[in-house]
Amino acid sequence: MIEKNNDFRRGFKDGIPIALAYLPISMAIAVDAVLAGLNFSMAQIFGIMYTGSGQGIFLNYFKKGETIALMYVFMLFIANFRYVIFSISMSQKMKSDTPTWQKLLFGVINTDEVYVLAMQNQGALSGKYLMGLAFSPFLGYILGNTTGSLVTGLIPDIVKPVLGIMLYGLFIAMVIPSAKKSRKILFSVVITIILSYILEAIPIIGKTISSWGINPAGITMITCAVSAAAICSWIAPIEEKELSDIKEEE
Amino acid sequence: MNSQNIYIILISMAITMIALRAIPLLFFKKKIENKFLKSFFTYIPSTVLTALIVPEVFSSTSTPVSAWAGVIMAVVLSYFGRGLFTVSACAVITSFITEVIMRSMGILN
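**Some details on the interface of chain B and chain A**
Thinking step 1. Counting residues at the interface gives 68 residues for chain B, matched by 96 residues for chain A.
Thinking step 2. Between chain B and chain A lies a buried interface of about 7700 Å² when both sides are counted; carbon and sulfur atoms form 78% of it.
Thinking step 3. For chain B, the biggest contributors to the area lost against chain A are B:Arg21, B:Leu25 and B:Tyr43; these three give 11% of the whole.
Thinking step 4. Counting across the chain B and chain A interface gives two salt bridges.
Thinking step 5. For B:Glu56, the salt bridge identified is with A:Lys64, shortest N-O distance 2.5 Å.
Thinking step 6. Going through the elements one at a time, α1 (3-27), α2 (35-53), α3 (64-79) and α4 (84-104) of chain B are the ones with two or more residues in the side of chain B that touches chain A.
Thinking step 7. Broken down by element, the residue count for the side of chain B that touches chain A peaks at 20 residues, all from α1(B).
Thinking step 8. Residue composition of the side of chain B that touches chain A, grouped by class: 44 nonpolar, 16 polar and eight charged.

Structure representation (structure tokens):
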């Protein structure tokens, strides 16, 4: 029993570097959310969502006035479907006697960074270690989110017009390292940019979608991301060994 | 948009996220073997992020000029391995300085 509690503490400690990295990020996203018009309690739910790119999707749609919840959920689902893959490989890394509630608690607060760190451990991992490992980053994120939503009011007006670029700065910092590591990822980024401008340049697409009573921004974004990924997997499928190379550094 | 609608969107997104993270851990035991699907899910995070960035980033500040300055700064810094927060903060500062300069020259109101 005592040994198992130590497992949680060991995990918690191992997760602290991730927690420190998350804190300013969630703070920046929360500031953007409050500036976009969310109130304090909305911003807290926003933090519990616990996904930088998902929150980016929300803010992007929200600023464009998208009102259909399904559009947000669908894009979130597509963007984070990789967790299914994480979970599949994770379930093979866990000790086979891990209780279901521990699997669930870990799963709910799992992230890319936690996954990568967990996979670097040798041998099977206990549920308590994994819960600890996932818990400290989650705390860091929530702390940053709450702080961010509280301090937004203190930001001087003169800086506000440029804060919109903050979130895009985060996204750029997430994409560039993997594009730098893998030519194929770089290729997919270029394809997405081209597609995005093509869709933007054809006004009839936007007009048709608007005439259905739907905000075109969300649809074009999904179309763009999904078709770019499909085109790339078709032209340049990723080999098994490249897969682990790309995943490790993310 | 009324606040009830915002709550519905936020809560449904949070629930989706929880389900997406937790459910596969309970049910999936097998590996995905299909090469196309594997590639697809490797590509999707970067294509989604890119689709979020372009073209919206260029209208995220007062003028495309300052947005471009911020983007170039962000790309260069992240290429040289700087962390998320440094990159983001420097992009904001670069855009800010660009706008201050443009205002002092009378190009931007």
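That covers the picture; the talk isn't over yet.
**A closer look at the domain arrangement of chain A**
Thinking step 1. Domain assignment breaks chain A into domain 1 (2-154) and domain 2 (182-249).
Thinking step 2. Just the C-alpha atoms count here: the centres of domain 1 of chain A and domain 2 of chain A sit 25 Å apart.

**What to know about the side chain of B:Thr16**
Thinking step 1. Structurally, the position occupied by B:Thr16 is in helix α1.
Thinking step 2. We classify B:Thr16 as buried; its relative accessible area is 13%.
Thinking step 3. From its side chain, B:Thr16 meets the backbone oxygen of B:Ser12 in a polar contact 2.6 Å long.
Thinking step 4. In contact with B:Thr16, other than residues within four places in its own chain, are A:Val73, A:Leu76 and A:Phe77.

**Re the packing of aromatic side chains**
Thinking step 1. Within the structure shown, the criterion is met by 16 aromatic pairs over all chains.
Thinking step 2. Measuring from centroid to centroid gives 6.3 Å for A:Tyr168 and A:Phe171, while their planes differ by 85°, and the two rings are edge-to-face. Here A:Tyr168 pairs with A:Phe171, and both are found in helix α9 (residues 164-181), just three residues apart, close to one helical turn. Taken as a pair, A:Tyr168 and A:Phe171 share a single burial class, namely buried.
Thinking step 3. Summarising the aromatic geometry, the rings of B:Phe58 and B:Trp68 are spaced 4.4 Å apart at their centres and angled 25° between planes, so their arrangement reads as stacked. Pair noted here: B:Phe58 is in the loop between α2 and α3 and B:Trp68 is in helix α3, with a separation of 10 residues, a long-range link.
Thinking step 4. The exposure class of B:Phe58 is buried, given its relative accessible area of 15%.
Thinking step 5. The exposure class of B:Trp68 is partly exposed, given its relative accessible area of 47%.
Thinking step 6. Taken together, the ring pairs connect A:Phe46, A:Phe58, A:Tyr61, A:Phe62 and A:Tyr72 into an aromatic cluster.
Thinking step 7. Over the ring of B:Tyr79 we find A:Lys180, and its NZ or CZ is 4.8 Å from the ring centre.

What counts, and where the lines are drawn
Starting from 1, residues in each chain are numbered consecutively following that chain's sequence as written. Chains and ligands are labelled sequentially in the order written, the chains with letters from A and the ligands with numbers from 1. Given that the model is predicted, a residue must reach a pLDDT of at least 70 before its local features are reported, and side-chain atom pairs must reach 80 or more before they are shown or counted; all residues, however, enter totals for whole chains, interfaces and linings. Note that water and hydrogens are dropped before the side-chain values are worked out from all heavy atoms of the structure. When checking whether two residues touch, look at their non-hydrogen atoms; a contact exists if any pair is within 4.5 Å. Accessible surface is computed with a 1.4 Å probe, and the buried area is the amount of it that two parts give up when combined, taken over both parts together. We define a salt bridge as a side-chain nitrogen of Lys or Arg found within 4 Å of a carboxyl oxygen belonging to Asp or Glu. Per the convention used, a helix needs a DSSP run of H or I reaching at least four residues, while a strand needs a run of E reaching at least two, with both numbered from the N terminus. The residue classification treats Ala, Val, Leu, Ile, Met, Phe, Trp, Tyr, Cys and Pro as nonpolar and Asp, Glu, Lys and Arg as charged. All others, Gly included, are polar. Just so you know, the domain bounds were taken from an automatic or database domain assignment. Exposed residues in this analysis have more than 50% of their type's maximum accessible area, buried residues have under 20%, and partly exposed residues fall in between, with area computed by a 1.4 Å probe over protein chains only. Pairs of N or O atoms within 3.5 Å make up the polar contacts considered here, provided that, within protein, one atom can donate a hydrogen while the other can accept it, and that residues adjacent in sequence are counted only when both atoms are side-chain atoms. When two rings of Phe, Tyr or Trp (its six-membered ring) have centres within 6.5 Å they constitute a pair, described as stacked for plane angles under 30 degrees, edge-to-face for angles over 60, and tilted for the intermediate range. We call a charge positioned over a ring when the NZ of a Lys or the CZ of an Arg lies within 6 Å of the ring centre and within 35 degrees of the ring normal.

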